[in-house]
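Notes for the structure review
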Amino acid sequence: MAKTALVTGILGQDGPYLAKLLLEKGYKVYGLIRRYSNISFDNLDYLGITKKINFVEGDMTDESSLLHLVKRTMPDEIYNLAAQSFVGASWAQAKLTTEINALGVLYMLNAIKLFSPTTKFYQASTSEMFGTSHENGSQDENTIFHPRSPYGISKVYAYWMTVNFRESYDIFTCNGILFNHESPIRGMQFVTRKITDGVAKIKMGLMDKLSLGNLDAKRDWGFAGDYVEAMYLMLQNEKPDDYVIGTGENHSVREFVKLAFKHAGINDWEKHVVVDVRFNRPAEVPNLKARPNKAQKQLGWKAKTSFDDLVKMMVEADLKRYSVKSV
Ligand code: NAP
Ligand code: G4F
């Protein structure tokens, strides 16, 4: 019989890439969607898999919906990707961020414990949990957490709850501590997509200036398509554990901007970029860089897409989008 997986966050960036991988492996995929007045399947459409998903309704903040869902589907695997995932919004919406990202995980884990204790659980943890903490400029599974935003704090709660259900109830739970990963279907408010979308608009003459915040922040940016393989591998491993996933290389926002303009054939990038302090955060995470050695050794996972290829892929996809629209 085909294996079954429930993917929360199915309409976001990672959900569609993961669902595509699972479908290719023969899984039946349930995708959790919440109620919308105007729902968009654009990201699933982009990967051509909308019709292959079994949509189920629920909300991470509604415990009873998750209890019913797990009881009804009893999937082999649950990948919890749902979150209020934008760090910048988490100060103004700290309570909502906590309810979705922290309590939502507790509700899902309780549902597994009560109705489907053999279900394996993946939690989308994040390098934001490290915040300002590092050893010689990089982070691994042993680096202590020092989150700098309500988002980071909510994810630390979820991380420990995931560990706790493993230790208390012997449930197969894993944390993937993923560093930033991007793609042509990355949300528009995140800096990489904001840049590649802006560069495409400037190239097409639809915009002249791109307003950004802190250009000195450094991130370890990889491709989402590579990272969902790590999620899958964690749940196929013999023993549940927690893994740092990243490229092991980092770059500043400024470097990303320069390269994006270069790939669009625009040399005078400084003419088009405006620094606007409104995009600065109350507390910044200045420098994230993964040491993904454990994942490489135990899961055989390694990032495949280079920084240059990632920026090029995103710029080309946005240029194509605007070229098609302008025809
Ligand atoms: P994303 O594009 O923002 O997608 C998040 C998804 O969560 C959306 O589909 C959203 O649904 C859903 N969601 C939000 N609130 C919900 C609720 N109350 N109930 C049910 N669903 C809800 O995020 P992503 O980039 O794919 O990231 C996936 C996960 O990995 C997130 O948990 C994120 O925090 C984590 N993470 C991401 C990165 C990264 O660099 N991308 C790195 C580390 C960790 P709607 O479409 O209905 O809004
Ligand atoms: O693209 P960002 O908004 O991503 P951030 O804050 O690193 O969070 C992302 O990665 C996390 C993993 O580390 C995930 F957990 C999280 O869900 C999300 O996917 O910002 C990246 C950097 C920041 O330092 C920010 O201050 O870019 C800087 N930045 C500079 N100008 C900007 C801007 N960020 C945004 N969003 N918009 C700007 O105009």
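Reading the values: rules and limits
Residues numbered from 1 in each chain as written. Chains lettered and ligands numbered in written order. Predicted model: local features only at pLDDT ≥ 70, side-chain atom pairs only at ≥ 80, totals over all residues. Heavy atoms only, no water. Near = heavy atom within 4 Å. Polar contact = N/O pair within 3.5 Å; in protein donor to acceptor, adjacent residues only side chain to side chain. Areas by Shrake-Rupley, 256 points an atom, 1.4 Å probe, with all protein chains shown as cover. Helix = DSSP H or I, 4+ residues; strand = E, 2+ residues; numbered from the N terminus. Nonpolar A, V, L, I, M, F, W, Y, C, P; charged D, E, K, R; others polar. Domains from an automatic or database assignment. Axes fitted to C-alpha atoms, helices over the stretch in contact; angles between N-to-C directions. Parallel < 35°, antiparallel > 145°, perpendicular 65-115°, else oblique. Left-handed = near helix turned anticlockwise from the far one by under 90°. Contact = heavy atoms within 4.5 Å. Buried < 20%, exposed > 50% of the residue type's maximum accessible area, 1.4 Å probe, protein only. Arc of directions from axis to C-beta. Phe/Tyr/Trp six-rings, centres within 6.5 Å; stacked < 30°, edge-to-face > 60°. Pairing = 2+ DSSP bridges. Buried area = accessible area lost by both parts, 1.4 Å probe. Salt bridge = Lys/Arg side-chain N within 4 Å of Asp/Glu carboxyl O.

Glancing now at the site of ligand 1. Neighbouring residues of ligand 1: 24 residues in total, closest Asp14, Arg34, Tyr36, Ser85 and Tyr151. In the environment of ligand 1, an oxygen atom lies 2.6 Å from a nitrogen or oxygen atom belonging to the side chain of tyrosine 36. With respect to ligand 1, the side chain of aspartate 59 contributes an N or O atom lying 2.8 Å from a nitrogen atom. The fraction of the free accessible surface of ligand 1 (890 Å²) that becomes covered by protein chains is 89%. Looking at the shell around ligand 1, the elements with two or more residues in it are β5 (120-126) and α5 (150-169). Ranked by residue count, the leading element in the shell around ligand 1 is β5, at three residues.

Before going further, it helps to spend a moment on the site of ligand 2. Residues in contact with ligand 2 amount to 23 residues; listed here are only the nearest, Ser85, Thr126, Ser127, Tyr151 and Arg281. Residue asparagine 180 places a side-chain N or O atom 2.8 Å away from an oxygen atom belonging to ligand 2. Within the side chain of glutamate 284, one N or O atom sits 2.7 Å away from an oxygen atom of ligand 2. Bound to the protein, ligand 2 loses 96% of the 720 Å² it would expose on its own. Classifying every residue of the shell around ligand 2 by side-chain character gives ten nonpolar, seven polar and six charged. Taken together, domain 1 (4-181 + 221-245) and domain 2 (187-219 + 250-287 + 307-326) each give at least three residues to the shell around ligand 2, which thus spans both.

The interhelical angle for the contact between helix α6 (residues 191-203) and helix α8 (residues 253-263), taken along N-to-C directions, is 30°, at an axis separation of 10 Å. Considering their axes alone, α6 and α8 lie roughly parallel with respect to each other. Relative to α8, the crossing made by α6 is right-handed. Together, Val191, Thr192, Ile195, Thr196, Val199 and Ile202 of α6 and Val253, Phe256, Val257, Ala260 and Phe261 of α8 make up the contact between the two elements. In terms of residue class, the contact of α6 with α8 is built from nine nonpolar, two polar and no charged.

Glancing now at helix α3 (residues 63-73). In an α-helix, one turn spans 3.6 residues, which is why side chains three or four residues apart end up on the same side. By the burial criterion, the buried members of α3 are Ser65, Leu66, Leu69, Val70 and Thr73. One side of α3 carries all its buried residues, which in axial view fall inside an arc of 125°. Among the exposed residues of α3, those oriented more than 90 degrees off its buried face are His68, Lys71 and Arg72. The inward-facing, buried residues of α3 abut β1 (4-8), β2 (28-33), β3 (54-57), β4 (77-80) and α4 (94-115). Positive backbone phi, approximately 35°, marks methionine 74, located one or two places after α3.

Time to look at the packing of aromatic side chains. Think of a pair of aromatic rings as described by two things: how far the centres are apart, and how the planes are tilted against each other in angle. Evaluated as defined, the whole model comprises 14 aromatic pairs. Residues tyrosine 159 and tryptophan 160 carry aromatic rings whose centres are separated by 5.0 Å and whose planes lie at 90° to one another, so their mutual orientation is edge-to-face. Considering the side-chain rings of phenylalanine 256 and phenylalanine 307, the 5.8 Å spacing of their centres and the 70° angle between planes classify their relative orientation as edge-to-face. With a gap of 51 residues between them, phenylalanine 256 in helix α8 and phenylalanine 307 in helix α10 (residues 307-326) connect regions that are remote in the sequence. A relative accessible area of 10% places phenylalanine 307 in the buried class. Following the ring pairs from residue to residue traces out a cluster consisting of Phe130, Phe145, Tyr159, Trp160 and Phe179.

This brings us to the side chain of threonine 192. As for its position among the elements, threonine 192 is in helix α6. For threonine 192, a relative accessible area of 1% translates into the label buried. Side-chain polar atoms of threonine 192 contact the side chain of glutamate 182, separated by 2.5 Å. With residues near it in sequence (within four places) discarded, threonine 192 still touches Glu182, Arg186, Trp221, Phe256 and Met314.

Remember that side chains alternate between the two faces of the sheet whenever the strand is regular. Here strand β11 (residues 242-245) shows a buried face lined by Asp242 and Val244 and a second buried face lined by Tyr243 and Ile245. As paired elements, strand β6 (residues 173-178) and β11 share four bridges and run parallel to each other. Looking across to β11, one finds that glycine 176 is bridged to tyrosine 243.

Splitting the chain by domain gives domain 1 (4-181 + 221-245) and domain 2 (187-219 + 250-287 + 307-326). Spacing between the C-alpha centres of domain 1 and domain 2 amounts to 27 Å. Counting the surface lost from both domain 1 and domain 2, the interface buries some 1600 Å², and carbon and sulfur atoms represent 66% of this. The tally of links between domain 1 and domain 2 comes to one salt bridge. Where domain 1 packs against domain 2, one counts three residue pairs in polar contact (both at pLDDT 80 or more).

It is worth spelling out the sheet that holds β4 at this point. Pairing in this open sheet of seven strands is parallel, and the strands run β3-β2-β1-β4-β5-β6-β11 from one edge to the other. Looking at strand neighbours, the two that pair on one side only are β3 and β11, the edges of this open sheet. The sheet shows a mean angle of 20° between the axes of neighbouring strands, taken without regard to direction. In this structure, β1 lies alongside β2, joined through four bridges in parallel fashion. Paired with threonine 4 across the strands is lysine 28, a residue of β2. Each of β1, β2, β3 and β4 is contacted by α3, which is oriented at about 170° to β2, the strand it contacts most.

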